[in-house]
Amino acid sequence: MKIYNTLSKKKEDFVPLEAGKVRMYVCGPTVYNLIHIGNARPMIVFDTVRRYMEYRGLQVNYVCNFTDVDDKIIKKALAEGVAPEVISERYIAECRKDMEAMNVRPATVHPKATEEIGGMLEMIATLIQKGHAYPAADGTVYFRTASFQEYGKLSHKNLDDLQAGNRALLVSGVDQKEDPLDFVLWKPRKEGEPSWESPWCAGRPGWHIECSVMSRKYLGDEIDIHAGGEDLIFPHHENEIAQSEAANGRSFARYWMHNAFLNIDNKKMSKSEGNFFTVRDISDKYDLQVLRFFMLSAHYRSPLNFSTELMEAARNGLSRIVNCVSNLSYLLENAASEQPDTPDVSSLPLELSLLQQAEDHTRRFEEAMEDDFNTADAIAAIFDLVKFANTNASDSSPAPFLKALKSQIIELADICGLLVEKKAEGLDQEIEALIALRQAARKNKDFARADEIRNELLSKGVVLEDTREGVKWKKI
Ligand code: AMP
Ligand code: ZN
C-alpha cells in the first residue's frame, strides 16, 4: 500500500509501526455551526481510507477530535446568550447526524478538547521544563519555535522567510513573543469566556496543543498516520509536530496525509468567504450517498470543484451501480425459486471462468486503492464490473453465480462506503409499491391510471408482464 506523505513529498510504502495495526488521527471540525461540504471532504476521504485498510485486514484505531473551545464558539454563545457548551454540544450532535447520513463511521474515539485540559497543562509544563516554551508577563505561554530545529519540515517552509513575514507582528508591540514564529499554547482568560486554572494564569488552551495531547493519549507518542485538509499543514500540523516531538522526544507521525480543497467556482469553500453549502443544504436536494460518490469520484489530493453538473453525473454513476445490484437481486430471486437443485458454482465451469474474469476488476480496484487511495480509478473498476455483470447475468444464470457477482459489487461499493444494497432494496420496494398501485387501479377499472403507472415504471427501466400467475417485472 502506497501513501503520499506530505513530509517527504513522495509516495511511500505504508509500513505500520505495529504489524496489522494502524494508529490514525484526523483533525476534526470546530463545532460552532453545521458542517459544510468542504468539511465533509476529509470525513469521507479518510473514512474510505480506514475502510480500505480494514478490508486489507488491518485493525485501525481511528481518532477524530471535536474542537469545542474556540473564539467562534464563544462568539456564537455570547450572541445567543447561552453557555459555550450549549453551542458545541448542539453542533456535535448535528455533525454526528451528518456523518451518519454520509455513512461516515464514528471514530474509535471522538475526544473533545474541553475534556482533555489536564493533559494539555501537563504537556505545556513539560515543554516549559525542557526549555521549549515560556510564560510571558501576562501568563500567556508561548512555544519557543527557535528551540525546535526542524520547524518547517512538514510545510517545507524556510524559517528565515517565515520569520521575515511575521516580524511586523513583533514590531507592533502587541505580542510579548521572543520570536515572531512563536505560537500560543495557553492564553489568559477574557471576560465572559470559559477558563481553567493553570500555573500560569486562568485561561484556555491555544488550538494546536489539543491535537498533540489527544493523539498521545489515545494513540501513543508515535502514530502511523495524521491527516486533515491541506489548509492544516501550516501552521496547525507544523505546530503539532513541534509540540509533540519537543515534549515526547521522538517522532510524532510517520505519514502525513492531506486532502485538497473542495472548491466552488475554483475558490476554496469556507465559512468565512460565505461561499459554502452545508451538508444539510445538499441533503434537501440529494441523497447524501450521491455526495459521497461525488467526493470519491476525484483523487483526494486533487482539487474538486462543486457543481450541479458533477452532482448529476454522480447521481447517474451511483444509479448505474444500484440498478445493477437491484437487477441481480431480482434475477437471483427468480433463479433461486426456479432452480432449487443448482450445484455449487465450483462445478459449473463456464460460470467459474466468468467469475475469475470478474475478479480481474476487483484486482484493478485494489491496485487503484493501493496506489495512494485512487478512488477515481477504483470507481472506474466498479463500473467495469457492473458492465461485466450486466453483460453476463441473465434469467438463465445459475443462482450461485448471480449471488457471487452481486456480493462482489456490494463488497467493493461498501469499501467506498456506498450503500448500494440498501438503495437497491429501496428501489425494489418502490417498484413493488407502484405495481400494487397499478393493480388497485385496474381493479377499480381506472385503466388510464394503470397505464400511467406502467409508463412510469417503464421510465425506470421496468417492464411489466401480466401473466396468469400474476404480474411479473423485469429490468431492461
Ligand atoms: P475546520 O472546522 O475549519 O477546522 O475544518 C475541519 C476540517 O475540514 C479540516 O480538516 C479542514 O482542513 C477541512 N476543510 C475545511 N474546508 C475545506 C474545503 N473547502 N475543502 C476541503 N477540506 C476542507
Ligand atoms: Zn489538529
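Residues numbered from 1 in each chain as written. Chains lettered and ligands numbered in written order. Predicted model: local features only at pLDDT ≥ 70, side-chain atom pairs only at ≥ 80, totals over all residues. Heavy atoms only, no water.

**Points about the packing of aromatic side chains**
Thought 1: Taken as a whole, this structure holds ten aromatic pairs when the rule is applied.
Thought 2: When the centroid spacing of 5.7 Å and the interplanar angle of 40 degrees are considered together, the rings of Tyr52 and Tyr55 count as tilted. Linking Tyr52 with Tyr55, this pair stays in helix α1 (residues 37-55), spanning three residues, or about one helical turn.
Thought 3: Judged by relative accessible area, Tyr52 falls into the buried class, the value being 0%. (Phe/Tyr/Trp six-rings, centres within 6.5 Å; stacked < 30°, edge-to-face > 60°. Helix = DSSP H or I, 4+ residues; strand = E, 2+ residues; numbered from the N terminus. Buried < 20%, exposed > 50% of the residue type's maximum accessible area, 1.4 Å probe, protein only.)

**Overview of the pattern of salt bridges**
Thought 1: Following the criterion strictly, the structure yields 38 salt bridges and no others.
Thought 2: Close ionic contact of Arg144 with Glu178 constitutes a salt bridge, the shortest N to O distance being 2.8 Å. With Arg144 in the loop between β6 (141-143) and α5 (159-171) and Glu178 in the loop between α5 and β7 (183-188), this residue pair connects regions lying 34 residues apart in the sequence.
Thought 3: Exposure remark for Glu178: the relative accessible area of 47% places this residue in the partly exposed category. (Salt bridge = Lys/Arg side-chain N within 4 Å of Asp/Glu carboxyl O.)

**Remarks on the nonpolar core**
Thought 1: Met53, Met102, Ile225 and Phe373 are the most contacted members of the largest nonpolar core, which has 107 residues in total.
Thought 2: In terms of residues, this core owes the most to one element, helix α10 (residues 308-338), which gives twelve residues.
Thought 3: For Met53, the contacting residues outside a window of four places in its chain are Met1, Ile3, Phe14, Val22, Leu58, Val60, Ile225 and Phe373.
Thought 4: Membership of the second largest hydrophobic core comes to 39 residues, among which are Trp186, Val213, Ile233 and Ala253. (Core = buried A, V, L, I, M, F, W, Y, C linked by side-chain atoms within 4.5 Å. Contact = heavy atoms within 4.5 Å.)

**With respect to the packing of α10 against helix α12 (residues 375-392)**
Thought 1: Where α10 contacts α12, the two axes come as close as 10 Å, and the packing angle between them is 35 degrees. As α10 packs across α12, the resulting crossing turns out to be left-handed. Residue-level inspection shows Gly317, Arg320, Ile321, Cys324 and Leu328 of α10 in contact with α12, the latter providing Ile382, Phe383, Val386, Ala389 and Asn390.
Thought 2: Taken together, the residues of the contact of α10 with α12 break down into seven nonpolar, two polar and one charged. (Axes fitted to C-alpha atoms, helices over the stretch in contact; angles between N-to-C directions. Left-handed = near helix turned anticlockwise from the far one by under 90°. Nonpolar A, V, L, I, M, F, W, Y, C, P; charged D, E, K, R; others polar.)

**Let's talk about the coordination of the zinc ion (ligand 2)**
Thought 1: Taken together, Cys27 (SG), Cys211 (SG), His236 (NE2) and Glu240 (OE) make up the protein donors of the zinc ion (ligand 2), found 2.0 to 2.7 Å from the metal.
Thought 2: Every donor counted, the four donor atoms about the zinc ion (ligand 2) form angles of 70 to 126 degrees at the centre, which fits irregular coordination.
Thought 3: For Cys211, a relative accessible area of 0% gives the class buried. (Donors = N, O, S within 2.8 Å, 3.2 Å for Na, K, Ca; no water. Tetrahedral: all angles 85-135°; square planar, octahedral: opposite > 155°, others 65-115°.)

**With respect to the environment of Pro188**
Thought 1: Examined against the element boundaries, Pro188 turns out to sit in strand β7.
Thought 2: Here the alpha-carbon distance between Pro188 and Pro205, two residues 17 residues apart in the chain, equals 8.9 Å.
Thought 3: Ignoring any residue separated from it by four or fewer positions in sequence, one finds Pro188 in contact with Asp138, Thr140, Cys201, Ala202 and Gly203.

**A few points about the environment of Ala83**
Thought 1: Residue position: Ala83 is located in the loop between α2 (71-80) and α3 (84-101).
Thought 2: Residue Ala83 is classed as partly exposed on the basis of its relative accessible area of 31%.
Thought 3: Between the alpha carbons of Ala83 and Pro349 there is a distance of 69 Å; along the sequence they are 266 residues apart.

**Regarding the sheet that holds strand β12 (residues 267-268)**
Thought 1: Reading across from one edge, β12-β11-β13 is the order of the three strands in this open sheet, with mixed pairing throughout. Two strands lie at the open edges of the sheet, namely β12 and β13 (304-305), each paired on one side alone.
Thought 2: Looking at chain direction, strand β11 (residues 262-264) and β13 are connected through two bridges and run parallel. By the bridge assignment for β13, Asn263 is matched with Asn305. (Pairing = 2+ DSSP bridges.)

**Describing the site of ligand 1**
Thought 1: Not every one of the 17 residues close to ligand 1 is listed here, only the nearest: Gly38, Gly229, Asp231, Leu262 and Met269.
Thought 2: Residue Asp231 places a side-chain N or O atom 2.4 Å away from an oxygen atom belonging to ligand 1.
Thought 3: Met269 places a main-chain nitrogen or oxygen 2.8 Å from a nitrogen atom of ligand 1.
Thought 4: When ligand 1 sits alone it has 490 Å² of accessible area, and the protein chains cover 88% of it.
Thought 5: Looking at the shell around ligand 1, the elements that each hand over two or more residues are α1 and β9 (223-229).
Thought 6: At three residues, the largest contribution of residues to the shell around ligand 1 is made by α1.
Thought 7: For the shell around ligand 1, the per-class residue count stands at eight nonpolar, seven polar and two charged. (Near = heavy atom within 4 Å. Polar contact = N/O pair within 3.5 Å; in protein donor to acceptor, adjacent residues only side chain to side chain. Areas by Shrake-Rupley, 256 points an atom, 1.4 Å probe, with all protein chains shown as cover.)

**Notes on the domain arrangement of the chain**
Thought 1: According to the domain assignment, the chain consists of domain 1 (2-259), domain 2 (308-415) and domain 3 (428-475).
Thought 2: One C-alpha centre belongs to domain 2, the other to domain 3; they are set 27 Å apart.
Thought 3: Each side of the interface is counted separately: domain 2 has five residues, and domain 3 has five residues.
Thought 4: Of the roughly 490 Å² buried where domain 2 meets domain 3, counting both sides, 40% is carbon and sulfur surface.
Thought 5: Per-residue buried area on domain 2 facing domain 3 is highest for Ser326, Asn327 and Tyr330; these three make up 76% of the total on that side.
Thought 6: On inspection of domain 2 and its partner domain 3, the count reaches zero salt bridges.
Thought 7: There are one residue pair in polar contact (both at pLDDT 80 or more) connecting domain 2 and domain 3. (Domains from an automatic or database assignment. Buried area = accessible area lost by both parts, 1.4 Å probe.)

**Concerning the sheet that holds strand β3 (residues 21-26)**
Thought 1: An order of β4-β3-β9-β10 is seen for the four strands of this open sheet, with the pairing classed as parallel. The sheet is open, and its two edges are formed by β4 (59-64) and β10 (253-259), each paired on a single side. Neighbouring strand axes in the sheet, compared pairwise and without regard to direction, differ in orientation by 20 degrees on average.
Thought 2: Relative to β9, β3 runs parallel, the two being bridged by three bridges. When the bridges of β9 are listed, Val26 appears paired with Ala227.
Thought 3: Across the sheet, helix α6 (residues 207-219) is in contact with β3, β4 and β9; its angle to β3 comes to roughly 155 degrees.
Thought 4: Contacting β9 and β10, helix α7 (residues 233-248) runs over the sheet at an angle of about 160 degrees to β9.

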